[in-house]
Amino acid sequence: MADHLIFLLLGLANGAVFASLALALVVTFRSSGVVNFATSAIALYGSYTFAFLRKGELLVLIPGLPTSVGLGWPFPLWLAILTALAITSLLGLLLYGLVFRPLRRAPAVAKAVASVGVLVVLTGLMGVRLGTRPVGVDDVLPSEIWMIGDVRIASDRIWFALVVLVVATSLWGLFRFTPFGLSTRAAAETERGAYLSGLSPDRIAALNWMLSAAVAGGAGILIAPIVPLVPVAYSLFIIPALAAAIVGRFQFMLPAVVAGLAIGMLQSEMQFLTATHDWLPSSGMPDLIPLFLILLVLVIRAAPLPGRGAVVQRTLGSAPRPDRRVTPLSIVGAAAAVAALILLDGSWRTAVIMTFIFSIMSLSYVVITGYAGQVSLAQLTLAGSAGFLLGPLTTSWSIPFPIAPVVAALGAAAIGVVVGLPALRIRGLPVAVVTLALALALESMWFRNNDFVGAAGVEIEDPSLFGIDLGAGSGAAFPRAAFGAMVLVVLVLVAFGISYLRTSRLGSEMLAVRANERSAAASGVSVVRVKVMAFAVGSFIAGLGGAMLGYRLGSVTFDSFTVLLGLSLLATAYIAGITSVTGGLLTGIGTLGGLFPEVLDTLFGSAEYFGTIIGAFLIMGTIRYKEGCGGLVLEKRRAYHERRRQDTPVSGLQLSSSLSPDRVEPRLRAARLLEVRNVTVRFGGVLAVNDVSLTVEPGTVVGLIGPNGAGKTTLVDAITGFTPSDGSVLLGSQVLDSRPPHQRVRDGLSRTFQTIELYNDLSLRENILVGQAAIRGRGEELPNLDTVLERFGLGDLGDRYAGEISQGQRQLVSILRAMVGNPEVLLLDEPAGGLDSNESVWLGRRIREIADGGVGVLLIDHDMHLILGLCDQIEVLNFGSLIASGSPEEIRSDPTVTAAYLGETHSTRPEASGGP
Amino acid sequence: MSPILKLIAFLTLLALLSAACGNDDEGALPAPTEESTDDGAAEDSPPPDEDAPEPDDGAEAEPVDQETSDDDMSADEPSGEDEAPTEEEAPAESDEPSEEDEAPASAVLGEPSPATGEAIKVGFISDGKSDAIDNSSETPAAEAAASYANDYIGGAGGRVIELVTCDTEQTPAGAQDCVAELASAGVVAILNGVSGQTETINAGANEAGIPFMQNGGISQEAFGSPLTHVMTNGLATLVGPAAVASELGLSKAGIIVIDVPAASGPISGAAPLFYGNAGIAVEIVAIAPGTPDMTPQVQAAISNGVEQFAIIGDEPFCTSAISAIQLLGFEGPVVVIGPCVGETSIAEVEMEGILLIGLTSDDPADAEVALFLAVMDEYAPGALTDSIARSGYSAVLGFARALAGHPEGGVTTESVQETILAMEPAPMPLGPDGATFQCNRQAIALAPAICSAASVITALNSEGQNTGYRELDLSDLLSLG
């Protein structure tokens, strides 16, 4: 027991390192929404500056100037610390002004990518300017030896941990109790809010950046006496620090700091366990600690679908449907690639082949991130896992060529699914951090583990097919054109595969999930299945790329697949355009080892600032093209098509297209009765829906009305499974209570959303296609989409993007999307919202026709004219309880209803669910 | 079209065009890096012409007349990229010896004996410079060694050494590209001082049938590869500490090493054998990259009864390790290797008493060390003379010495390999007085590629300098027993 205590204490220094960086991460994120991967580089800059000041010099990172300027005398400790903190905070101001201010409204992913750019630039500059000679730093904190039992603990380690805790507490106090802190929190909520309270959000953000950079710099100064200063010294500390920040939800400083300390201490304990227990893997166990901690926190806290209040941001560029798979451009491109392979040789041919390989890998981002909206930082690692699998497959198992890389890629796909599992319960940047931690764990437990990988790496047999040698060759013959041709074929197959995927049903479902998980689930799409498929397909593609790289290397080691390389590959892919095949190909050209670096190398010689230039490109690219420049090309193409279609009218419903009753979808099965029994929903202590029971008969329209905040949408959420509830929901005799939302849709319960929630990146046809997931789930015959569109007067608009049509048309499409699932009960949430009275009447007629077809309809709306004119039965909800129920005539004359609407509409009682 | 897209498109087009057009030329013209080494080789000849034009050589020089005239021209107009400063400063060099009271460089360099035979292309691979590892002093020192060899010891077997250099960019892919590039350039051997990519270079060179000579390395693969020659006893870094522990009569020792397979793999594979030969239990303390503070791992080892630590790694790694060891109050012997010792001074690190296993000397009183300093002074004034530079220098000079007996006639990879195998014992570059190497695959039965079984040991003083070497006998431990 004493041993364990000692090791926990010994880990305090490492814990303090992670905690201090986690603190800087949280401060940055709280004020600017940036997950700052450059935090460790800023910390390093702080410690270098400090070390130079102690020597009496001022560090200058600007190329061309001397590395340092003599200041005459070495700074005393406190002055050096304060000056270094001031200089680092100026760096923070500079970063805000140049990089993050222009990006303040950009998607979170773009900000993170820009921070990767900053990381690359800072590390590159320090590498060139300071060399790899370590710089020594004297003690900052009092360092004496404390004896605990017979173990010596250095007091500076303990002090370090205490200082971090104290700083975190003071910062918490600063944000909690000072006007500055208050305005920071206000500005973080809404920029406009801050303006209203008479503050300049700009100045607040600038101050916060200075503060967070100073925190990072302070962390660096405290770390410096423990870790010898070299330019890459701190780069890997970011992963445990991110894990700690996640535990603090990027919001709470003390939990993050405590988590950081805990990670360090537990890692130390794990070292001890690994050293004393032979059965534990020799490598990588400590890297599991941050991973498990994140998973534990996230999985406990997260919900399978985002809540209604969650802001669904459009974070990525559009992923337009390719008009044709084989465009003249792609033929020219392929021909140019073949020509390049034949004509070039030596390093140029290598660059061409590497371009192909990296293109394949980046196409995996197109599937996972571009289509399905999941940010994975593990793709290069997954590629590596295929490379490492390929070794034994080709040597020990002697599996022949085309099969071996496919099997290896399937292996990567399987691992990719595991990596993607956390994405089933969490979303957004936390997913990215989990994948990063998983990637690191894979790297250290597998790629860097002597038990699996020898010193020379894992050897891979050359591929050959029908007696033709497809190997990369060696010596003067390297790289052989035949190998390049093989990689090109793989690339072309993958590219076509992805363009096929985009037009397939799965592709539409991925985009639906990316756009809006709730809405996708409401269309009967299994969000879980789609995410798993996305990770599987994406990782398979990454695996193919990794296998190709493995063949090129002949023997794979971890160096080619490190976590940090993976981070910069994602950043490049993002800039190049992560939502399209074009972007994937551009990534291949721009990645280190590809054509663009080779060109730079040829033009400027072996530039030592190369890394810095690449980083600068990343930053500028992010600022200029927040959605990536591959997206820009597509944007232009879309605009071009837009012009060609101008003759088609876009706005206004074609109200004249009256429908005769027989035009409504024929029922394929007898509709059942929807029965809601004693449904209750609680949000914390608030009773949002209180013991509501109602029924919707087939073929009738039931209205659900009530003032704002009465719980109408929450009730629909509960019925359709989007919100957990007590009570029972029955369709006929089938109890739906334990069914997930997409299954309820397949059971016959379709809904629309108040906010419509169409997929703007999908054409109308595709939007509706997604809705057919429900039918497919039941194995029924699919109706002809053109006919459906035709019937609803949208026949000409099938290829338009949902973002381009009028509000009324959007309402109609969302209803159509619910209808093509062939539901027995349709729940419509404010379908007349945004429609004028004519349109509303027209819509009412359509709804009546739907009901006449045998479908039960539950209709929420504020348009009393529509409700009273259309409904067979009306239920009135207030404060979560049913207060009245009856025919339109009865409701019209019910005094409680009038009171609810007139008397209590502006009730001060807290609204249960933030809107009707 | 956006500016960045335009730039990318333009550059890509430019690249394709220039590459496509340049393709035809490449057969005739050597690769770009070669040009710089042309200069490297080129600047060799002038000094003898100036200093001591031997009438004797005049006649012999005739066949390489063109070569020499080329050299003169390039010396006059410094067109080389890397070498330009060297050449510019070279004239000033003649004044310098007067400032130094020591023996003039020429005395140390000996009698000029220019290479007169045809030029042979010899590849030199270096890891270059990155944010993590800076080996950039390696190539200039290698070029200096080539120049010296060409001027003073008749090059390699009378032929002018023309170095073709390449940078691995510290990746396996880059190392692979280097071997391919050098093979295309038609080199007869590939040289390297030290590299993190030894495995890849070794595999590539052996596959391509090109002899590979390395100054220092601890790659198990390389130690057994037929075309590979490792001049110094890389095993000493592993076996030396075992010998120390054995001398002191310890029973358990630890080895601290960075946890990447290329480093920890060979060590955990071979250490039990060698330590076992000495009757010592060994514990490998593998430290994952990105570990800020090593005290937990070191304490775990101490708790397990480790009585001595050997540290295998570069300067920052060693500093962290020594810091942790001293912090925990460990009082047993600490043994380090050459790359470990640098100029870092972290307050907690006390270098005094740390044992350094050396393969070469850094005592200027030793003739080979004096020669190195004189050569660097003459051919690469101002360049770094750190352990990386020493390694690069040694590889090239060792190659030249190994090839001294190359027969008349064409030089091929096969003839080079045969000559190296048949070499007489030659002075070990930078070795202590009397140390030799001989790549006849006999020095260590376990690792036939190693050309010398010698190693030395010294205790460091508080400045991290040696306090006199003594030879460390490893023969018992290197047996297979």
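This is a predicted model, so every value here is computed, not measured.

About the thresholds
Chains are numbered independently. Their residues run from 1 in the order of the written sequence. Each chain takes a letter, starting from A, and each ligand takes a number, starting from 1, following the order in which they are written. At least 70 in pLDDT is required for a residue's local features to be given in this predicted model, at least 80 for side-chain atom pairs to be given and counted, and no such filter applies to totals for whole chains, interfaces and linings, which use all residues. Domain start and end points were adopted from an automatic or database domain assignment. A residue pair is marked as a contact if its C-beta atoms, positioned from the backbone, fall within 7 Å. The residue classification treats Ala, Val, Leu, Ile, Met, Phe, Trp, Tyr, Cys and Pro as nonpolar and Asp, Glu, Lys and Arg as charged. All others, Gly included, are polar. Axis geometry follows a simple rule: fit a line to the C-alpha atoms, using only the stretch in contact for helices, then measure angles between N-to-C directions, giving values from 0 to 180 degrees. The numbering of helices and of strands both runs from the N terminus, where a helix is a DSSP run of H or I of at least 4 residues and a strand a run of E of at least 2. Roughly parallel means an angle under 35 degrees; roughly antiparallel, over 145; roughly perpendicular, 65 to 115; everything else is oblique. Structurally, a nonpolar core is described as a collection of buried Ala, Val, Leu, Ile, Met, Phe, Trp, Tyr and Cys residues joined by way of C-beta atoms within 7 Å. For the exposure call, what matters is how many other C-beta atoms sit within 10 Å of a residue's own: 20 or more marks it buried, 12 or fewer exposed, and in between partly exposed, using C-beta atoms placed from the backbone. Should the near helix be turned counterclockwise from the far one by less than a right angle, the crossing is left-handed, whereas a clockwise turn marks it as right-handed. DSSP bridges decide pairing: two strands pair if at least two such bridges lie between them.

Before we move on, can you summarise the domain arrangement of chain B with the specific residues and values?
Residues and elements named next belong to chain B. The assigned domain composition of chain B is domain 1 (32–232 + 364–437) and domain 2 (236–358 + 456–471). In this complex, domain 1 contributes 7 residues to the contact, which on the side of domain 2 involves 10 residues. Across the side of domain 1 that touches domain 2, the residue classes break down as 2 nonpolar, 4 polar and 1 charged.

For the packing of helix α18 (residues 481–503) of chain A against helix α21 (residues 527–553) of chain A, give the residues involved together with the corresponding values.
All names here are of chain A. Where α18 meets α21, the closest approach of the two axes is 11 Å, and the angle between their N-to-C directions is 175°. By the criterion of interaxial angle, the relationship of α18 to α21 is roughly antiparallel. Contacts between α18 and α21 involve F483, V487, V490, V494 and L501 on the former and, on the latter, V537, I541, L544, M548 and Y551. Residue composition of the contact of α18 with α21, by class: 10 nonpolar, no polar and no charged.

Break down the interface of chain B and chain A for me, citing the residues and quoting the values.
The interface of chain B with chain A comprises 74 residues on the first partner and 80 residues on the second. Secondary structure elements with two or more residues in the side of chain B that touches chain A: α1 (3–28), α10 (172–185), α11 (198–208), α12 (220–224), α14 (261–277), α15 (295–303) and α16 (315–327) of chain B. It is α1 of chain B that contributes the most residues to the side of chain B that touches chain A, 13 residues altogether. Class assignment for the residues of the side of chain B that touches chain A results in 34 nonpolar, 26 polar and 14 charged.

Can you lay out the nonpolar core for me, pointing to particular residues and giving the numbers?
A general trend in soluble globular proteins is that nonpolar side chains are found buried together. The biggest cluster of nonpolar side chains holds 468 residues, and the ones touching the most others in it are A22 and L23 of chain A together with V396 of chain B. Setting aside its immediate chain neighbours within four residues, A22 of chain A contacts A241, A244, A245, G248, A256, V257, A259 and G260 of chain A.

Requested: an account of the packing of helix α5 (residues 108–130) of chain A against helix α22 (residues 563–577) of chain A, with residues and values cited.
Residues and elements named next belong to chain A. Relative to each other, α5 and α22 sit at 125°, their axes nearing to 10 Å. In terms of their interaxial angle, α5 and α22 are classed as oblique. When the axes of α5 and α22 are compared, the crossing they make is left-handed. Mapping the contact onto sequence places V109, V113, V116, G117 and V120 in α5 and L567, S568, A571, Y574 and I575 in α22. A breakdown of the residues in the contact of α5 with α22 according to their chemical character gives 8 nonpolar, 2 polar and no charged.

Any chance you could break down the pairing of strand β12 (residues 726–731) of chain A for me, citing the residues and the numbers?
Residue and element names in this part refer to chain A. In this structure, strand β9 (residues 674–683) lies alongside β12, joined through 5 bridges in antiparallel fashion. Along β12, the bridge assignment pairs R677 with S728. Strand direction decides the pairing type here: β12 and strand β13 (residues 734–735), joined by 2 bridges, are antiparallel. From the neighbouring strand, L730 faces β13, where its bridge partner is V735.

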